[in-house]
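The residues making up each chain are set out below.
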Amino acid sequence: MTTVSLGPLAIPLAPLPWLVAVMVATLVAARRKRRGHPGDAEPLIIWLAAAALIGARAAFVLRYQDQFTSVLAMFDLRDGGLWWPGALAGLAAGMALAAWRRAAVGEALHASLYGALAAVPVAAVVVLLNPAGTPAPDVTLYRPDGGGVSLHQARGPGVTLVNLWATWCPPCRREMPVLEAGQHHYPRVRFLFANQGEDAATMAAYLSDADLELNGVYLDPHGDLARAWGSGALPTTVLLNGAGEVIDHHIGPLSAAGLQQFLQPHLKE
């Protein structure tokens, strides 16, 4: 399972532990303040979380700066591009500034400990729902000409990227040129594009109008892959290894930098 659905919203599971940690820490700080403990820690906790996020994004941009074509793209968090060393640096800088301004650092750290403890079981559940090495489902995909093929037959002998998308999905449309270029930049990766719930004519018309040349285009008319992987959001991108096991996944559109970060750890010799 890669997302949890709340009505019409599909929330990725991966960031849930961090969100829980911040929420619990803020609630604990507010409760301690009502009980008479000194300091105003709630704003500081939010500030530290923002500093960690800014640091993680800045580190990501610096690491993959050659992949960005504009300054605005560097600030576009929709690609999910973050790098954890930057989060630690941002958190340290935020704490140093807070201490210099004599903010309630001690209270914030005390409340954050409760947040971290609350995040542990949530993180454990996320890992249990997405165990490493899970075999990919052997669903049947369909070529635009109507012929059927199983996912295990369609994937490559090495790393395979499976992208779940639809023509009506704006983030999918924004991501498609990145994946088209990725086919050429990462020749060792087999790219599969599994259209969710649409017919061949609709898909072909969109690819023609968008002037996209994609290899490995298939139809998943009943959304079998999205259901098997527990994804209620598009686009969803899943990586398989040579044995057909899931080794990583990403919810939301990938930028060129995000695609490099996504693939790089799995392409080492």
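Quick notes on the rules
Residues numbered from 1 in each chain as written. Predicted model: local features only at pLDDT ≥ 70, side-chain atom pairs only at ≥ 80, totals over all residues. Heavy atoms only, no water. Helix = DSSP H or I, 4+ residues; strand = E, 2+ residues; numbered from the N terminus. Patch = residues over 30% accessible without salt bridge, like charges linked within 9 Å, V, L, I, M, F, W, Y side chains within 5 Å. Areas by Shrake-Rupley, 256 points an atom, 1.4 Å probe, with all protein chains shown as cover. Salt bridge = Lys/Arg side-chain N within 4 Å of Asp/Glu carboxyl O. Disulfide = S-S within 2.5 Å. Buried < 20%, exposed > 50% of the residue type's maximum accessible area, 1.4 Å probe, protein only. Axes fitted to C-alpha atoms, helices over the stretch in contact; angles between N-to-C directions. Parallel < 35°, antiparallel > 145°, perpendicular 65-115°, else oblique. Left-handed = near helix turned anticlockwise from the far one by under 90°. Contact = heavy atoms within 4.5 Å. Nonpolar A, V, L, I, M, F, W, Y, C, P; charged D, E, K, R; others polar. 1 Å grid on protein atoms, 1.4 Å probe; cavity = no way out; pocket = protein on both sides within 12 Å on 5 of 7 lines; lining within 4 Å. Points joined across faces, edges and corners; volume = space filled by probe spheres on them. Pairing = 2+ DSSP bridges. Right-handed = clockwise from strand over helix to strand, strands pointing away.

Peer 1: Help me understand the environment of Trp84 in this model?
Peer 2: Locating Trp84 in the fold gives a position in helix α4 (residues 84–100). Taking the C-alpha atoms as reference points, Trp84 and Leu72, twelve residues apart in sequence, are found 22 Å from one another.

Peer 1: Help me out: how do you make sense of a nonpolar patch on the surface in this one?
Peer 2: A surface patch of nonpolar side chains, amounting to about 370 Å² of accessible area, comprises Trp47, Leu97 and Trp100. If you trace the backbone, Trp100 turns up in helix α4.

Peer 1: I tried to follow the state of the cysteines on my own but got confused; where do I start?
Peer 2: Think of a disulfide as a covalent bridge from one cysteine sulfur atom to another cysteine sulfur atom. A complete count under the given rule lists one disulfide for this structure. Between the sulfur of Cys169 and that of Cys172 lies a disulfide, 2.5 Å long from S to S. The S-S bond linking Cys169 to Cys172 shows a torsion near 80°; that makes this disulfide right-handed. Note on Cys172: relative accessible area 1%, which makes it buried.

Peer 1: When you look at the pattern of salt bridges in this model, what are you seeing that I'm missing?
Peer 2: Note on pairing: side chains with opposite charge can pair once their charged atoms come close. Taken as a whole and judged by the stated rule, the model has four salt bridges. Where Arg32 meets Glu107, a salt bridge forms, and the shortest distance between an N and an O atom there is 2.9 Å. With Arg32 in helix α1 (residues 16–34) and Glu107 in helix α5 (residues 105–129), the pair connects residues that are 75 residues apart, well separated along the chain.

Peer 1: Would you mind going over the packing of α1 against helix α2 (residues 41–63) with me for this structure?
Peer 2: When two helices pack together, their arrangement is captured by the angle between the axes and the distance separating the axes. One can describe the packing of α1 onto α2 by two numbers: an axis separation of 8 Å at closest approach and a directional angle of 160°. Judged by the angle between their axes, α1 and α2 are roughly antiparallel. Our pair here, α1 against α2, has a crossing hand that is right-handed. Residues Val22, Ala25, Thr26, Ala29, Ala30 and Lys33 of α1 pack against Ala41, Glu42, Ile45, Ile46 and Ala49 of α2. Of the residues contributing to the contact of α1 with α2, the split by class is eight nonpolar, one polar and two charged.

Peer 1: Got a minute to help me understand the layout of surface pockets in this structure?
Peer 2: If a probe the size of a water molecule is rolled over the atoms, the empty space left behind becomes visible. Approximately 340 Å³ is the volume found for the second largest pocket. Around the second largest pocket, the lining is made up of 15 residues, and of these Ala73, Val178, Leu254, Ser255 and Ala256 lie nearest the centre. Among the elements of the structure, α7 (170–185) and α10 (256–263) are those that each provide at least two residues to the lining of the second largest pocket. Per-element accounting of the lining of the second largest pocket gives the leading share, three residues, to α7. Here the residues of the lining of the second largest pocket are counted per class, giving seven nonpolar, three polar and five charged.

Peer 1: Which parts of the structure should I look at to understand the pairing of strand β7 (residues 190–196)?
Peer 2: Note on strand geometry: in a regular strand, side chains alternate between the two faces of the sheet. Among the seven residues of β7, six are classified as buried, and the element is accordingly described as predominantly covered. Here six bridges tie strand β6 (residues 160–165) to β7, and the two strands are oriented parallel to one another. Bridged to Leu161 within β7 is Phe191. Of the crossover connections in this fold, the one passing from β6 over α7 to the parallel β7 is right-handed. Where β7 lies against strand β8 (residues 217–220), four bridges are found, and the strand directions are parallel. Note on β8: the bridge partner recorded for Asn195 is Leu219. Following the backbone out of β7, through helix α8 (residues 200–209) and into the adjacent parallel β8, one traces a crossover that is right-handed.

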